Amino acid sequence: MNISTLVPTVRPYQSYVYAYPHKTAYRPLADRPALRELWAAEPKDALSLYLHIPFCEVRCGFCNLFTRIGAPEGLVAAYLDALERQAGAVREGLGEDARFAAAAFGGGTPTFLEAAELERLCDIAEKGMGADLAAVPLSVEASPATATADRLAVLAGRGTTRLSLGVQSFVDAEARSAVRPQRRADVEAALGRIREAGIPVLNIDLIYGIEGQTERSWRRSLDAALAWRPEELYLYPLYVRPLTGLGRKGSREPKAEWEAEWDEQRLRLYRAGRDHLLAHGYEQVSMRMFRAQGAPSTGGGDHACQTDGMVGLGCGARSYTSALHYSFDYAVDMREIRGIVDDYVSRPAADFAHAEHGRPMTGDEARRRHLLQSVLQAEGMELAGYRARFGTDPAEDFPVELAGFAARGWLDPDAAPGRLRLSPEGLAYSDALGPELFSSAVRAAMATYDLK
């Protein structure tokens, strides 16, 4: 029997899988384990450090990140105070042998902070956590309005190797449609300041699938970005999620009569964007990420780490050990986020010495995570590395899933021996393929999460 007759068709855009399990699968941890116990037996010689800033000057209509608009007088200082208290507690929990191999500031918008506040943020990473920002890759997210010369000077001076600018569209009408008020002239000015600052790697984020966007207007944005010769480009499909600006106003609310048309639009624009960048000397790293040939790799990968060892500071940050993924509470609604931020800044140092929300990682979940985050990369996954880590073969652990991928043409039959790699069509369907690797337990937890 041909297995393809048993495999139903799938929608290509189901979920952007940037971490597994998603935070909607996390739950309060009744035992509130101490960080010292969680990290005692973990390898700590090459950890990643992530500092989360939950502030933006405006919230885009598509955004479901943990962020709030603006900050009342004194809140940023109070947040940095709390971040410093958390750093002290976390570093004590990690122990003296902890070393960091990469760092990132995300959010929110880290450059919402003023120059002096960014200096303090860097001090917290270096003095509070012991990360040498001048010696490890440091990636920072920014918006055009906050990419000012004084802020960029601080970041460049403190060792930033990669700056990611959220542009989304160079077409003003499309930016308005996505509820991202900005003018192309302001975006171009910000890009000029970033290049003048001398940060080695510039990444530009663009979005396709915006209402009213055409292949011609998409090409205009791509060419406008290419004019700056960014070392990296991320091409994101538009999603409309509950409790976001676009979700509340009903734009792109899922309706059967146009779902297929929107999927086709996004696939068409994705393929046009991919082919355009490949023709201009970029290599595809994942469905979303493209890197200029010869550009340095500075730790700004597409969330591709298969092993654990992430230390997150801030109320929206995750931390990963081999046995537990944990964070603070998660929300999308602005009122709920404000409450979580207010709770975070009021916490004493002792409260940061424990994990509160998370999900234990079983052997099965670790296998799923490794496979998912490896195979979604264009280079694919070496089977030997999987076998060395787990003592099994992916075909033994996931026979049904891999057979389904093959039946849909998502696996590359010409991949080198010993390598599991997606075909170009498989990469295009990454947001459908990834969710098929979720465990039933994670699916159930996500389905019963109380959205807030």
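As a reminder, the structure under discussion sits directly above these lines.
Parameters and conventions
- Residues numbered from 1 in each chain as written.
- Predicted model: local features only at pLDDT ≥ 70, side-chain atom pairs only at ≥ 80, totals over all residues.
- Heavy atoms only, no water.
- Helix = DSSP H or I, 4+ residues; strand = E, 2+ residues; numbered from the N terminus.
- Buried < 20%, exposed > 50% of the residue type's maximum accessible area, 1.4 Å probe, protein only.
- Contact = heavy atoms within 4.5 Å.
- Areas by Shrake-Rupley, 256 points an atom, 1.4 Å probe, with all protein chains shown as cover.
- Phe/Tyr/Trp six-rings, centres within 6.5 Å; stacked < 30°, edge-to-face > 60°.
- Lys NZ or Arg CZ within 6 Å of the ring centre and 35° of its normal.
- Core = buried A, V, L, I, M, F, W, Y, C linked by side-chain atoms within 4.5 Å.
- Axes fitted to C-alpha atoms, helices over the stretch in contact; angles between N-to-C directions.
- Parallel < 35°, antiparallel > 145°, perpendicular 65-115°, else oblique.
- Nonpolar A, V, L, I, M, F, W, Y, C, P; charged D, E, K, R; others polar.
- Salt bridge = Lys/Arg side-chain N within 4 Å of Asp/Glu carboxyl O.
- Expected span 1.5 Å × (residues − 1).
- Arc of directions from axis to C-beta.
- Pairing = 2+ DSSP bridges.

Participant: Even after reading the chapter, I still don't get the overall build of the protein chain, so can you show me in this structure?
Facilitator: A tally of regular secondary structure across the protein chain gives 17 helices and 17 strands. Counting the 452 residues in the protein chain, one finds 57% classified as buried. In the protein chain, the proportion of contacts linking residues at least 24 apart, taken out of those at least 6 apart, comes to 78%. When the accessible surface of the protein chain is totalled, it reaches about 18500 Å², and 52% of it is carbon and sulfur.

Participant: Could you clarify how one ought to interpret the packing of aromatic side chains in this entry?
Facilitator: Working definition: an aromatic ring pair is given by the centre-to-centre distance plus the angle between the planes. Going through the model one piece at a time under the given rule, you end up with 17 aromatic pairs. Seen in terms of ring centroids, Tyr16 and Tyr18 are 5.3 Å apart; in terms of plane orientation they differ by 55 degrees. Their pairing is tilted. Overall, the relative accessible area of 17% leaves Tyr16 in the buried class. A relative accessible area of 25% places Tyr18 in the partly exposed class. The structure contains a cluster of three or more aromatic residues connected by ring pairs, namely Phe55, Tyr79, Phe112, Phe328, Tyr344 and Phe352. Sitting over the face of the ring of Tyr239, Arg266 holds its NZ or CZ atom 5.8 Å from the ring centroid.

Participant: How should the nonpolar core be read in this particular structure?
Facilitator: One broad trend across soluble globular proteins is that nonpolar side chains are buried collectively. Counting residues in hydrophobic clusters, the biggest one holds 127 residues, and the most contacted among them are Leu49 and Leu206. Contact partners of Leu49, with chain neighbours within four places excluded, come to Phe100, Ala102, Ala103, Ala104, Ala125, Met129, Ala131, Val311 and Leu313.

Participant: Looking at this structure, how should I read unusual backbone geometry?
Facilitator: The bulk of non-glycine residues show a negative phi, and the bulk of peptide bonds are trans. A cis amide bond links Tyr20 with the next residue in sequence, Pro21, at an omega value of -5 degrees. Tracing the sequence through the fold places Pro21 in the segment before strand 1 (27-28). Cis peptide bonds are those with omega within 30 degrees of zero, and the linkage from Gly107 to Gly108 qualifies with 20 degrees. By the element assignment, Gly108 lies in the loop between strand 5 (100-107) and helix 3 (115-128). Phi at Arg32 is positive, roughly 40 degrees, even though this residue is not glycine. Mapped onto the fold, Arg32 is located in the loop between strand 1 and helix 1 (35-39). Phi is positive for Arg229, which is not a glycine, with a value near 45 degrees. For Arg229, a relative accessible area of 43% gives the class partly exposed.

Participant: What is the right way to read the packing of helix 2 (residues 75-94) against helix 3 from this model?
Facilitator: Packed helices, taken two at a time, are described by the angle between their axes plus the distance between the axes. Two elements in contact, helix 2 and helix 3, have axes separated by 10 Å at closest approach and are oriented at 10 degrees. By the angle between their axes, helix 2 is roughly parallel relative to helix 3. Contact residues: Val76, Ala77, Leu80, Asp81, Leu83, Glu84, Ala87 and Arg91 in helix 2; Glu117, Arg120, Leu121, Ile124, Lys127 and Gly128 in helix 3. Within the contact of helix 2 with helix 3, the residues separate by chemical class into seven nonpolar, one polar and six charged.

Participant: Is there a simple way to think about the pattern of salt bridges in this case?
Facilitator: Pairing is possible between side chains of opposite charge, provided their charged atoms come close. Per the stated rule, a full pass over the model turns up 28 salt bridges. Where Arg266 meets Asp263, a salt bridge forms, and the shortest distance between an N and an O atom there is 2.8 Å. Of this pair, Arg266 and Asp263 are both found in helix 9 (residues 256-279), three residues apart, which corresponds to roughly one turn of the helix. Residues Arg266 and Asp263 agree in their burial class; the two are buried. The shortest N-O distance in the salt bridge between Glu382 and Arg419 comes to 3.1 Å. One end of the pair, Glu382, is in strand 16 (residues 381-382); the other, Arg419, is in strand 17 (residues 419-420), with 37 residues separating them in the sequence. In this structure Glu382 comes out as partly exposed when scored by relative accessible area, which is 48%.

Participant: I'm lost on helix 10 (residues 334-345) in this one. Help?
Facilitator: Every α-helix carries 3.6 residues per turn, so stepping three or four residues along brings you back to the same face. For helix 10, with 12 residues, the first-to-last C-alpha span of 17 Å sits near the 16 Å given by 1.5 Å per residue. Within helix 10 the residues assigned to the buried category are Met334, Ile337, Ile340, Val341, Tyr344 and Val345. End-on view of helix 10: buried residues confined to an arc of 130 degrees, all on one side of the axis. If you follow the buried residues of helix 10, they end up packed against strand 4 (68-69) and helix 2.

Participant: So what exactly am I meant to see when it comes to the pairing of strand 8 (residues 201-208) here?
Facilitator: Here is the key point about a regular strand: its side chains alternate between the two faces of the sheet. When you tally the buried positions in strand 8, you get eight out of eight residues, the bulk of the element. Both faces of strand 8 are covered, namely the face carrying Val201, Asn203, Asp205 and Ile207 and the face carrying Leu202, Ile204, Leu206 and Tyr208. Strand direction decides the pairing type here: strand 7 (residues 162-168) and strand 8, joined by six bridges, are parallel. Note that in strand 8 the partner of Gln168 across the bridge is Leu206. Relative to strand 9 (residues 232-237), strand 8 is paired through six bridges, and the arrangement is parallel.

Participant: Sorry, what's going on with the environment of Ala102 here?
Facilitator: For Ala102, the position within the fold is in strand 5. Residue classification places Ala102 among the buried positions, given a relative accessible area of 18%. A sequence separation of 34 residues divides Ala102 from Val136, and the C-alpha atoms of the two residues are 5.3 Å apart.

On their own, these measurements won't tell you what the molecule is for.
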